[in-house]
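Single-letter residue listing:
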Amino acid sequence: MPAPVAVLGASGRTGRRICAALSGRSAIRAVQHHHDADHHDADHPEADHPEATEVTSADLNEPATLRRALAGAAAVYVITPAFHPHEDILIANAITAAAQTGVERIVLHSVLHPHTPSMPHHLRKEAGERALRECQVPWTVLQPAMYAQTVSAALAGNATEGAVPVPWNLEMPFTPVHLGDVAEAAARVLTEPGHAYATYELAGPQVLSTRDMIADLAHATGRQLHPRQARVTDFSLPGPGATEGFAAMCAEYDTHGLVGNANVLRWLLEREPLSFAAACAADLNERGDRHPSASAT
């Protein structure tokens, strides 16, 4: 059996989509973060990862568990918990363990514009990128923009009587990217030659304001939705450091938004990335929630 690609952080929404995108391209080792594994059925972990050849877990704070989980893998995709106050250390732990096990390729799931000084969680990704560049293993960095799924879930999930709370300037620009497109690009980078020592910005094809996205989501769902300016304190987030990180992110978005360029993603996909409206429609179709009269372009 060929050596598998290990997806570290396989239980999250990004990890799950990458495992699905790898199906048919490679053997897959789904590596759950240890705290995620604790909340799954230990007797049937493969039920959460039907595409995986193997399913295991590792503690990002325990290098020995990481080495055991990554041993024998051909490549490793590193995903760490968003907004974690020590994410830079967790990334470095994963990179060091992967290098020690002799993998041939490490791909880091970073973030668009990691060098933004006003967002500490972006700077922790930047520190992780630096650790990756300093390792002795061929590496690739992927820098995705805000997921279309993040936007649509947040907007729809927090809407009350059609009012969507938004804790930043409604007119600031974003380039939301479909998670499925990110996963497809990641699968290619993990399994095809020619991507060593590259840093790829993965942004969606449109520059949209939050007001635009709410209008697209309303059309896709058939719901009457309208924006409501909200405060950061109206939102509560789980996990250590999440609230502070979210507040800093909202402050940056309020002033500048978050925009990137879709050309690299077009090249990797060999097609046009999905628009925000199409991403919303695709996800709603998967869940069976799409309004029957809605259409996407």
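Now for a description of the structure that goes with this document. (Residues numbered from 1 in each chain as written. Predicted model: local features only at pLDDT ≥ 70, side-chain atom pairs only at ≥ 80, totals over all residues. Heavy atoms only, no water.)

**Regarding helix α8 (residues 210-221)**
Using the following cut-off: Each helix is a run of DSSP H or I of at least 4 residues and each strand a run of E of at least 2, with the numbering of both proceeding from the N terminus. Expected span of a helix, by definition, is 1.5 Å for each gap between consecutive residues, and there is one gap fewer than residues. Relative accessible area decides the class of each residue, using a 1.4 Å probe on protein chains only: under 20% of the type maximum gives buried, over 50% gives exposed, and in between gives partly exposed. By construction, the arc corresponds to the directions joining the helix axis to the C-beta atoms.
Relative to the 16 Å expected for 12 residues at 1.5 Å per residue, α8 spans 16 Å between its end C-alpha atoms, a close match to the ideal helical length. The set of residues buried in α8 consists of Thr-210, Met-213, Ile-214, Leu-217, Ala-218, Ala-220 and Thr-221. Mapping the buried residues of α8 onto a view down its axis gives an arc of 165°, with all of them on the same face. Positive backbone phi, at 75°, marks Gly-222, one or two positions downstream of α8.

**Regarding unusual backbone geometry**
Phi is positive for Phe-83, which is not a glycine, with a value near 70°. Tracing the sequence through the fold places Phe-83 in the loop between β4 (75-78) and α4 (87-101). Despite not being glycine, His-113 shows a phi value in the positive range, around 55°. Within the secondary structure, His-113 sits in the loop between β5 (105-109) and α5 (120-134).

**Quick notes on the side chain of Ser-110**
Inclusion rule: As used in this structure description, the phrase polar contact means that two N or O atoms lie within 3.5 Å; if the pair is within protein, one of them must be able to donate a hydrogen and the other to accept it, and residues adjacent in sequence are counted only when both atoms belong to side chains. Pairs of residues are marked as contacts when any of their non-hydrogen atoms sit within 4.5 Å.
Position of Ser-110 relative to the elements: it lies in the loop between β5 and α5. For Ser-110, a relative accessible area of 3% translates into the label buried. Polar contacts involving the side chain of Ser-110 include one to the side chain of Glu-129, which spans 2.7 Å. For Ser-110, the residues in contact, after removing those within four places along its chain, are Lys-125, Glu-129, Val-141, Leu-142, Gln-143 and Pro-144.

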